[in-house]
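# Structural overview for review
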Amino acid sequence: MAVTDYLRERFFPHMWCPGCGHGTVLNSLLRAIEELGLNKNNIVMTSGIGCSARISGYVDFHSLHTIHGRALAFATGVKLSKPGLKLLVPMGDGDALAIGGNHFIHAARRNIDITAIIMNNRIYGMTGGQFSPLSGPGKKATTAPYLTIDREFDIVELAKAAGATFVARSTTYHAKESIEFLKKAIDHKGFSVVEILSQCPTHYGRKNKEGDAPQMLENYRNNTAKIGSKALADDPSLIARGIFVDVERPEYCQEYDQIIERAMKE
Amino acid sequence: MTKQIMFLQGNEACVEGALYAGVEFFAGYPITPSTEIAEQLSGRLPERGGKFIQMEDEIASMCAIIGASLTGKKVMTATSGPGFSLKQEAIGYACMAEIPCVIANVQRGGPSTGNPTHVSQGDINQARWGTHGDHNIIALTASNHQDVFSITVDAFNMAETYRTPVILLLDEAVGHLREKLILPEKGELPIVDRLRTSVPKGVDYHPYLPREDGRLPMSDFGGDHRYNVTGLFHDMWGFPSNNPKVVNELLRHLVDKIDNNIRAITRYKEHYMEGAEYILLSYGSSARSAIHLAQNRRAKGEKIGVLELQSIWPFPSELVREKCAGAKAVLVVEMNMGQVMAQVKMAVDEPGKIFLANRIDGKLITPSDIKQLLRVIQGRGV
Amino acid sequence: MAKARLKEQKIIRDWCKGCGICIAFCPKKVLELDAEDKAVTVRPEDCICCRLCELRCPDLAIEVFKQEEE
């Protein structure tokens, strides 16, 4: 199948700004699904609110566009009630880790078989460029005219600590790598997290003088390095890319099946 | 066959009703005084292959049951005061996306933390107006365990019939009181199951296009019809729309689908109402005291009756007007500052004869509390 | 191994928002923006069919078709 077979083409061109990385994440995600040969009827995409969340309207899966920050909670209900379904939950950084931070760590703790894709553009785009918990200090935003003083989360470390059993990071520049990580994440039995650095040239890029979309991608190329690489060893200030966690642990729905078995015996 | 008789809490009667109605999925978070509902279902659901999950918070619980409902399951959550506040945004989502679900709110004192272990009926208005935007909602209540059981079954049935969240407004006194429940046999009470679309695979399915009878057949997630569910204004396919005609029709539908069925939704009971000159209009645990008083006064020859509402929203205005028309005075007996009384005053022709008999101090309103006020109204002194 | 040759670089004009990502990172400078700020194939003969334009396109507007190998 072609990638367009997974799209609701009637809604294209999409609503994202020119050069927005979210389109590339959608692109990579569809290729991963295509390569895995998944059945469209078997996929539920759940999203929250924000630029990122509009992704669920564009895919020809069961799509659940919910409320801000709660996509993982909705997805947990879908998954536990029908564990045969594949749950894909793309979220923005604010959606996933500010308002939705609690659901994120608890979904990870349960190790429920859901794939969380965090499209990290380090800003609230839909509302016009306010800083997010991923912006980090010293950044300009409409709510930080004198620069941010908030420290940022490290999504990989947060996901690891919370108990996610698959954790990876890539960027929209590294599309092939993203596809590879997404494939592995979707295939993984348990809670998987893929952070994809995704440029927002309209707000973040413009306010922080990072240039247009190609320049921001250039930065992703220059400022990141694969884990285990010489480049990263030489310059630890680079952002690490790669698969950070890939372990087996009991999955929540499977564990619950055992509860049902025990309850039925007693 | 002899019927099974149980001695249990109101919260447990609610659980029995939910199981009878076919609940398959529960998500919740511990909160007094509703916790027993979660505790009971954590054991009872898996016994029959159902699922229970304790979520990280109240909001997540509400979201999880909405997700589960979309896979075709009958779903429920239970909460109290502060938890009910937290759930409001997701309840609004379920209204907008028309997702069947039942929310039991075992009311306690408020606002804020109030008093978790004391009784109140202060969430009447929140059940109706808690979420933003125009919509309609169904809220049911009951005063004894037999009725808690059957009204819980009704709640599930109405959620399915009207594709809407239904709120069960229980209260601490009923929830924690222990009394008898005679368990209805299978088939004794009607059960409404999920109406699924008959549109075959490959044919365009409209999840938000009502049939002639107003019902909207659903398609389970994982089935052949891949559609969109959103809290945005949406068209009949569930896709976002800004078309004024589409938006107008959607919002009117959300209100009308319940208003137009108010007769079918209305639940009430009459106690000693024959020729009643004074009517005690009440609901939930307050109604127990009202009934007790009416029973005693009737025995003494006073014409006092009780109109017990079991459906609060949509407010049964016509019923109330009709039943209260001949009364000398109507005392609305409730444990809040007159939330139902305000509705009654709007419903009747002579609002001047409507009085409030209330208690808001965390104590159950007693028959003598009501009697004192009644004596004043009757002109018999304090 | 024979070098992959381009059969067609299909670009959906309506979808392309002219961000320039495909152009900036094409290793062979096959693409350019036209007067309407839409990506167009200008040097198809140089294309090595690496498909990076297709994979990175945020508008999902590009599809690369290779010539069938002989």
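Look above for the structure.
These remarks concern the structure in this document. Given the structure is predicted, the values throughout are model-derived calculations rather than measurements.

### Overview of the interface of chain A and chain B
By a widely used convention, the size of an interface equals the accessible area lost when the partners come together. On the side of chain B, 41 residues touch chain A, which itself brings 40 residues to the contact. Interface of chain A and chain B: buried area, both sides summed, is about 3300 Å²; carbon and sulfur atoms make up 60% of it. Between A:Arg110 and B:Glu56 there is a salt bridge, and its shortest N-O distance comes to 2.6 Å. Our enumeration of links across chain A and chain B arrives at 21 residue pairs in polar contact (both at pLDDT 80 or more).

### Some thoughts on the side chain of B:Glu302
Residues and elements named next belong to chain B. Along the chain, the position of Glu-302 falls in the loop between α10 (284-299) and β13 (304-309). Accessibility expressed as a relative area gives 15% for Glu-302, which makes it buried. Dropping the residues within four chain positions of it, Glu-302 is found in contact with Arg-297, Gln-378 and Arg-380.

### Thoughts on the packing of α10(B) against helix α13 (residues 367-377) of chain B
Residues and elements named next belong to chain B. Here α10 crosses α13 at 65 degrees, and the two axes come no closer than 8 Å. Considering how the two elements wind past one another, α10 and α13 form a crossing that is right-handed. Residues Ser-289, Ala-290, His-292, Leu-293 and Arg-297 of α10 form the contact with α13, whose participating residues are Pro-367, Ile-370, Lys-371 and Leu-374. Here the residues of the contact of α10 with α13 are counted per class, giving five nonpolar, two polar and two charged.

### Structural notes on the pattern of salt bridges
Pairs can form between side chains of opposite charge once their charged atoms are near each other. Residue and element names in this part refer to chain B. What the rule picks out here adds up to 40 salt bridges over all chains. Across the pair Arg-267 and Asp-154 runs a salt bridge, and its minimum N-O distance is 2.9 Å. Taken together, the residues span a long stretch of sequence, with Arg-267 in the loop between α9 (262-265) and β11 (268-271) and Asp-154 in helix α6 (residues 145-162) at a distance of 113 residues. Given a relative accessible area of 23%, Arg-267 falls into the partly exposed group. The class of Asp-154 is buried, set by a relative accessible area of 18%. Glu-302 is paired through a salt bridge with Arg-380; the nearest N and O atoms lie 3.2 Å apart.

### Observations regarding the sheet that holds strand β15 (residues 329-334) of chain B
All names here are of chain B. Taking strand neighbours across the sheet as the criterion, the five strands line up as β11-β13-β12-β15-β16 in an open arrangement whose pairing is mixed. Strands with a single pairing partner mark the edges of an open sheet, and in this sheet they are β11 and β16 (354-358). Across the sheet, the mean angle from the axis of one strand to that of its neighbour is 20 degrees, orientation sign disregarded. Pairing of β15 with β16, which is carried by five bridges, proceeds in the parallel orientation. Residue pairing in the sheet places Val-333 in a bridge with Ala-357 of β16.

### Structural notes on the interface of chain C and chain A
At the interface, 19 residues of chain C touch 31 residues of chain A. In total, chain C and chain A occlude about 1900 Å² of area from one another, counting both sides; carbon and sulfur atoms represent 65% of this. At the surface where chain C touches chain A, the tally comes to one salt bridge. Where chain C packs against chain A, one counts ten residue pairs in polar contact (both at pLDDT 80 or more). Breaking the side of chain C that touches chain A down by element, the ones donating at least two residues are α1 (21-25) and α2 (52-56) of chain C. The element best represented in the side of chain C that touches chain A is α2(C), accounting for four residues. Looking at side-chain class alone, the side of chain C that touches chain A contains eleven nonpolar, one polar and seven charged residues.

### Re the packing of aromatic side chains
All chains considered together, the criterion is met by 13 aromatic pairs over all chains. An angle of 70 degrees between the planes, with centres 6.0 Å apart, marks the rings of A:Phe104 and A:Phe191 as edge-to-face. Here A:Phe104, found in helix α5 (residues 101-110), pairs with A:Phe191, found in the loop between α7 (175-187) and β8 (192-197); they are 87 residues apart in sequence, far enough to count as distant. Classification of A:Phe191 as buried rests on a relative accessible area of 0%. Measuring from ring centre to ring centre gives 5.5 Å for B:Tyr205 and B:Tyr227, while their planes differ by 75 degrees; the resulting arrangement is edge-to-face. Remark: B:Tyr227 occurs in the loop between β9 (178-182) and β10 (228-230) and B:Tyr205 occurs in the loop between β9 and β10; sequence separation between them is 22 residues. By relative accessible area, which is 6% here, B:Tyr205 ends up buried. The exposure class of B:Tyr227 is buried, given its relative accessible area of 3%.

### Description of the packing of helix α1 (residues 21-36) of chain A against α7(A)
All names here are of chain A. Between α1 and α7, the shortest axis-to-axis distance is 8 Å and the interhelical angle comes to 55 degrees. Overall, the two elements α1 and α7 adopt an arrangement that is oblique. As α1 packs across α7, the resulting crossing turns out to be right-handed. Contacts from Ser-28, Leu-29, Arg-31, Ala-32, Ile-33, Glu-35 and Leu-36 in α1 reach Ala-175, Ser-178, Ile-179, Leu-182, Lys-183, Ile-186 and Asp-187 in α7.

Here is what the cut-offs are and how they apply
- Residues numbered from 1 in each chain as written.
- Chains lettered and ligands numbered in written order.
- Predicted model: local features only at pLDDT ≥ 70, side-chain atom pairs only at ≥ 80, totals over all residues.
- Heavy atoms only, no water.
- Contact = heavy atoms within 4.5 Å.
- Buried area = accessible area lost by both parts, 1.4 Å probe.
- Salt bridge = Lys/Arg side-chain N within 4 Å of Asp/Glu carboxyl O.
- Polar contact = N/O pair within 3.5 Å; in protein donor to acceptor, adjacent residues only side chain to side chain.
- Helix = DSSP H or I, 4+ residues; strand = E, 2+ residues; numbered from the N terminus.
- Buried < 20%, exposed > 50% of the residue type's maximum accessible area, 1.4 Å probe, protein only.
- Axes fitted to C-alpha atoms, helices over the stretch in contact; angles between N-to-C directions.
- Left-handed = near helix turned anticlockwise from the far one by under 90°.
- Nonpolar A, V, L, I, M, F, W, Y, C, P; charged D, E, K, R; others polar.
- Pairing = 2+ DSSP bridges.
- Phe/Tyr/Trp six-rings, centres within 6.5 Å; stacked < 30°, edge-to-face > 60°.
- Parallel < 35°, antiparallel > 145°, perpendicular 65-115°, else oblique.

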